[in-house]
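# Structure at a glance
Now for the letters of each chain:
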Amino acid sequence: MSQLSGPRPFRLLVVDDMEAMRLALEDSLRFQGYEVVSAASGEEALEFLRSQRFDLLLTDQAMPGLSGIELAEATARIHPDVPIVLLTGNTDVELAKASLQRGASDFVTKPVNIRELPIVIERNLTRRKLEVARLKEREAQVLFEAIKALASAVDAKDPYTARHSMRVTRLSMLLADAMGLSSDEKYFLELSAWMHDVGKIGVPDHILIKPSRLTPEEFEIMKIHPVKGGEIVGQIEELTRVADVIRHHHERLDGRGYPDGLRGEAIPLLSRVIFIADTFEAMTTDRSYRRGLTREHAFAELRDNAGSQFEPELVELFVSKIESLQDA
Ligand SMILES: [Fe+2]
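Residues numbered from 1 in each chain as written. Predicted model: local features only at pLDDT ≥ 70, side-chain atom pairs only at ≥ 80, totals over all residues.

## With respect to the overall build of the protein chain
Helix and strand content of the protein chain: 15 helices and 5 strands. Along the longest, intermediate and shortest principal axes, the C-alpha atoms of the protein chain span 85 × 40 × 35 Å. Put simply, the protein chain has 328 residues, and 34% of those count as buried. Residue pairs in contact within the protein chain that sit at least 24 positions apart in sequence constitute 58% of those at least 6 positions apart. (Helix = DSSP H or I, 4+ residues; strand = E, 2+ residues; numbered from the N terminus. Buried ≥ 20, exposed ≤ 12 C-beta atoms within 10 Å, placed from the backbone. Contact = placed C-beta atoms within 7 Å.)

This is the structure in structure tokens:
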């Protein structure tokens with residue numbers, strides 16, 4: 001029931017060989033709203049740690065058998081992400097400091113002030129959460145680099161579209177600025193714009209780099225690239241939303257786009273953004289069979305097709321943003 005009414009309570013493992021102390025800790029921590037499992041020895045605690053998940057380990061140092069530090073060391077090996085708080089005797093401060101090097105995250109000297117214990121616990125839970133968040137950020141960065149590399153590899157198949165993904169990303173971000181999108185939305189947009197054409201990896205080279213206009217049959221094959229791109233990216237669970245944006249980056253406002261013929265608001269907003277940036281980039285870049293349009297000519301094209309292909313408000317924001325950069 002509590003699952004429905006609020007966040008899951010934190011789960012603590014409390015270890016102390018002295019029964020009175022163990023029960024006192026258990027009682028007071030339960031009273032504070034934690035879920036508590038207790039063990040009477042380091043060995044028993046290790047058994048629990050091998051089979052269950054805990055958010056934090058709170059252990060006495062001086063115990064017969066496995067000591068608190070030894071338990072901390074073993075725990076850090078099994079669950080490097082679980083913070084460990086050590087309870088030490090008053091005279092063990094040096095030992096307690098050494099324990100920090102051996103896997104413990106914090107220590108509390110005895111006699112324990114039971115009312116202050118939750119503060120120590122919260123501090124360690126928060127610190128761990130921040131560390132995990134930082135780690136995730138780094139992982140995201142690595143993912144991003146990999147995505148850029150993949151996008152560049154696809155771009156490189158055609159000398160005429162080299163750096164296309166990078167330029168479309170830049171233009172999309174300019175429009176995002178003009179729209180006042182949140183940083184979260186911008187992050188999704190950046191990923192999506194970088195990858196919008198990765199599906200071209202599934203389009204045969206003779207079509208992809210054909211030095212003249214595509215025949216209707218060839219164009220039909222070219223049209224699978226948003227679907228392919230969505231499938232490739234959709235394999236990464238964290239990127240399902242990005243996959244959706246990619247799938248729809250050739251949908252037109254009037255429903256005559258592809259692959260699903262979505263219309264208006266049904267098209268993801270970020271797809272509508274990329275569609276404008278993508279079209280502008282393609283129009284203004286030289287191709288083997290034609291020269292690129294001037295910016296002014298491309299603006300006129302976007303405006304002519306506002307309402308049918310593109311969202312009119314977005315076109316206006318885009319044009320004024322690019323113009324303001326030219327003036328600068
Ligand atoms: Fe595309």
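## Notes on the packing of helix H7 (residues 164–179) against helix H13 (residues 269–284)
H13 packs onto H7 with a crossing angle of 130° between their chain directions and a minimal axis gap of 8 Å. Comparing the axis directions of H7 and H13 gives the class oblique. Handedness of the crossing formed by H7 with H13: right-handed. Together, His164, Arg167, Val168, Leu171, Ser172, Leu175 and Ala176 of H7 and Val273, Ile274, Ile276, Ala277, Asp278, Phe280 and Glu281 of H13 make up the contact between the two elements. Classifying every residue of the contact of H7 with H13 by side-chain character gives 9 nonpolar, 2 polar and 3 charged. (Axes fitted to C-alpha atoms, helices over the stretch in contact; angles between N-to-C directions. Parallel < 35°, antiparallel > 145°, perpendicular 65-115°, else oblique. Left-handed = near helix turned anticlockwise from the far one by under 90°. Nonpolar A, V, L, I, M, F, W, Y, C, P; charged D, E, K, R; others polar.)

## Here we look at the sheet that holds strand S4 (residues 84–88)
Ordered in space as S2-S1-S3-S4-S5, the 5 strands form an open sheet in which the pairing is parallel. The open sheet has two free edges, formed respectively by strand S2 (35–39) and strand S5 (106–109), since each of these has just one partner strand. When the angles between neighbouring strand axes are averaged without regard to direction, this sheet yields 20°. As judged from the 4 bridges shared by strand S3 (residues 56–60) and S4, these two strands associate in the parallel manner. From the neighbouring strand, Leu57 faces S4, where its bridge partner is Ile84. Sheet contacts for helix H5 (residues 93–101): S4 and S5; angle to S4, the most-contacted strand, approximately 165°. (Pairing = 2+ DSSP bridges.)

## Here we look at the domain arrangement of the protein chain
Domain parsing of the protein chain yields domain 1 (2–129) and domain 2 (156–327). Look at where the C-alpha atoms of domain 1 and domain 2 centre, and you get two points 53 Å apart. (Domains from an automatic or database assignment.)

## Looking at unusual backbone geometry
The omega angle of the peptide bond from Lys110 to Pro111 is 0°, so this bond is cis rather than trans. Here the amide bond leading from Tyr258 into Pro259 is cis, since omega sits at 5°, within 30 degrees of zero. In this fold, Pro259 is placed in the loop between helix H12 (240–247) and H13.

## Brief notes about helix H11 (residues 225–234)
Side chains three or four residues apart in an α-helix point the same way, a direct result of the helix having 3.6 residues per turn. Taken together, the buried positions of H11 are His225, Pro226, Gly229, Gly230 and Val233. Taken around the axis of H11, the buried residues stretch over an arc of 135°, which confines them to a single face. In the core, the buried residues of H11 are packed alongside helix H8 (183–195), helix H10 (216–222) and H12. (Arc of directions from axis to C-beta.)

## Comments concerning the nonpolar core
The nonpolar side chains of a soluble globular protein tend to be buried with one another. Grouped together as the largest cluster of nonpolar side chains are 35 residues, with contacts concentrated most on Leu175, Met195, Val273, Ile276 and Ala277. If one sorts the elements of this core by residue count, H13 sits on top with 7 residues. If you look at the next biggest cluster of nonpolar residues, it comprises 26 residues, including Val15, Ala39, Leu58 and Ala72. (Core = buried A, V, L, I, M, F, W, Y, C linked by C-beta atoms within 7 Å.)

## Describing the environment of Glu251
With respect to the helices, strands and loops of the structure, Glu251 is situated in the loop between H12 and H13. Remark: the alpha-carbon pair of Glu251 and Phe275, spanning 24 residues in sequence, is separated by 7.8 Å. Each residue touching Glu251, except ones within four places of it in the same chain, is listed here: Gly257, Asp260, Leu262, Ile267 and Ser271.

## A word on the packing of H11 against H12
Axis separation between H11 and H12 bottoms out at 8 Å; the angle between their running directions is 175°. Classed by the angle they form, the pair H11 and H12 counts as roughly antiparallel. Facing H11, whose interface residues are Pro226, Val227, Gly229, Gly230, Val233 and Gly234, H12 presents Thr240, Val242, Ala243, Asp244, Ile246 and Arg247. Here the residues of the contact of H11 with H12 sort into 6 nonpolar, 4 polar and 2 charged.

## Here we look at the pairing of S4
Judged by how many residues are buried, S4 sits mostly within the fold: 5 of 5 residues are covered. Burial of the side chains of S4 extends over both faces: Ile84, Leu86 and Thr88 are buried on one face and Val85 and Leu87 on the other. Read from S3 through helix H4 (residues 68–78) to S4, the crossover connection turns out right-handed. When S4 meets S5, the two strands line up parallel, connected through 4 bridges. Looking across to S5, one finds that Leu86 is bridged to Phe107. (Right-handed = clockwise from strand over helix to strand, strands pointing away.)

## Some remarks on the environment of Tyr34
Take Tyr34: it is sitting in the loop between helix H2 (19–31) and S2. Note on Tyr34: 20 C-beta atoms within 10 Å, which makes it buried. C-alpha of Tyr34 to C-alpha of Asn124: the two residues are 90 residues apart in sequence and 14 Å apart in space. Each residue touching Tyr34, except ones within four places of it in the same chain, is listed here: Pro9, Phe10, Leu12 and Leu29.

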